[in-house]
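The primary structure of each chain is shown beneath.
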Amino acid sequence: ESQEQKQTNEVIVCDFKGKIKELSDHLNNVCPLKISDCWYKPFGCEYNCYKHKLNDHLSSEFKLHFDLVVKFIQTLQEEIKQLKSQIQMNEKNNGNNAILINENISLKKEIDQLQQDIIQSNSKKDNEIKKIEKESQQELLKLR
């Protein structure tokens, strides 16, 4: 038989002989029947096996795990690069926004001043119209 066949035909037995209150700890930490995920699962390794076989996997798949970590780091570096680019764009937009805000404030002040000028001009014209009307009435009265 090959080494792989021996491993798959190997009978794994749990010989727990403890108290019920110790069972949970046993199942979670030391039971040879517990299936464990590979330590490199966060990096993409989907392998799982009985806990006592995990070290064999970790040793035999060192290159795979190294490549997964390198790929993960490259992905993170690319994300960092994109985020930095996005930050620069946001900073540029913020600068442009500040310019537009200042222009807006200036235009509002200019509008306020123009409205005041219009009010003053209208007031002067009203006074002139009243003066002309009064003078016209006086002239009409003289003519009668």
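Residues numbered from 1 in each chain as written. Predicted model: local features only at pLDDT ≥ 70, side-chain atom pairs only at ≥ 80, totals over all residues. Heavy atoms only, no water.

The chain is annotated in an unreviewed UniProt entry as TRAF-type domain-containing protein from Reticulomyxa filosa.

Visitor: Explain a nonpolar patch on the surface to me, please; I cannot follow it from the model alone.
Guide: Taken together, the side chains of L33, I35 and Y50 present a nonpolar region at the surface, about 250 Å² in accessible area. Here Y50 shows up in strand 2 (residues 48–50). Judged by its relative accessible area of 32%, Y50 is partly exposed. (Patch = residues over 30% accessible without salt bridge, like charges linked within 9 Å, V, L, I, M, F, W, Y side chains within 5 Å. Areas by Shrake-Rupley, 256 points an atom, 1.4 Å probe, with all protein chains shown as cover. Salt bridge = Lys/Arg side-chain N within 4 Å of Asp/Glu carboxyl O. Helix = DSSP H or I, 4+ residues; strand = E, 2+ residues; numbered from the N terminus. Buried < 20%, exposed > 50% of the residue type's maximum accessible area, 1.4 Å probe, protein only.)

Visitor: Looking at this model, I keep getting lost on the nonpolar core. Mind explaining?
Guide: Nonpolar side chains tend to gather and get buried jointly when the protein is soluble and globular. By size, the foremost hydrophobic cluster in this structure holds six residues: C38, C45, C49, L54, L58 and L68. Sequence-distant contacts of L58, that is, excluding residues within four places in its chain, are made with C38, W39, Y40 and H65. (Core = buried A, V, L, I, M, F, W, Y, C linked by side-chain atoms within 4.5 Å. Contact = heavy atoms within 4.5 Å.)

Visitor: Would you mind showing me how to read the pattern of salt bridges here?
Guide: Two side chains carrying opposite charge are able to pair once their charged atoms lie near each other. With the rule as written, the count across this model stands at two salt bridges. Note that K41 and D37 form a salt bridge whose closest N and O atoms lie 3.2 Å from each other. On the accessibility criterion, K41 (39% relative accessible area) is partly exposed. Assessed through its relative accessible area of 38%, D37 is described here as partly exposed. Linking D67 and K63 is a salt bridge whose minimum nitrogen-to-oxygen distance equals 2.9 Å. Of this pair, D67 and K63 both sit in helix 4 (residues 62–143), four residues apart, roughly one helical turn. Given the relative accessible area of 35%, D67 is considered partly exposed.

Visitor: Sorry if this is basic, but what is going on with the side chain of H65 here?
Guide: Along the chain, H65 falls in helix 4. For H65, a relative accessible area of 2% corresponds to the buried category. Here H65 is in contact with C38, Y40, C45, H57 and L58, once residues within four sequence places are set aside.

Visitor: Could you clarify how one ought to interpret the environment of L64 in this entry?
Guide: Within the element layout of this structure, L64 appears in helix 4. Owing to a relative accessible area of 38%, L64 belongs among the partly exposed residues under this scheme. Residues L64 and C45 lie 19 residues apart in sequence; the distance between their C-alpha atoms is 8.3 Å.

Visitor: I tried to follow the UniProt feature "coiled-coil region" (unreviewed entry) in the chain on my own but got confused; where do I start?
Guide: Taking the UniProt record as the reference, the feature "coiled-coil region" (unreviewed entry) is found at residues 73–131. In this annotation, residues 73–131 is assigned 100% helix and 0% strand; the end-to-end C-alpha distance for the span is 86 Å. (UniProt positions renumbered as here; feature names shortened; annotations may be inferred.)

Visitor: What am I meant to see in the packing of aromatic side chains here?
Guide: One pair of aromatic rings is described through two measures. These are the centre distance and the angle between the planes. Counting across every chain of the model gives two aromatic pairs. Seen from their ring centres, F43 and F72 are 5.0 Å apart, and the 85° between their planes marks the pair as edge-to-face. With a gap of 29 residues between them, F43 in the loop between strand 1 (35–37) and strand 2 and F72 in helix 4 connect regions that are remote in the sequence. Classification of F43 as partly exposed rests on a relative accessible area of 30%. In textbook terms, an aromatic cluster arises when at least three aromatic residues are bridged by ring pairs, as seen for Y40, F43 and F72. (Phe/Tyr/Trp six-rings, centres within 6.5 Å; stacked < 30°, edge-to-face > 60°.)

Visitor: How should the confidence of the model for the chain be read in this particular structure?
Guide: Low-confidence regions, as indicated by low pLDDT, have predicted coordinates that should not be scrutinised in detail. Per-residue confidence for the chain averages 89 on the pLDDT scale, and 93% of its residues sit at or above 70. Confidence scores differ between elements of the chain, with helix 1 (residues 3–9) showing the lowest mean pLDDT of 48 and helix 3 (residues 54–60) the highest of 95. (pLDDT = per-residue confidence, 0-100.)

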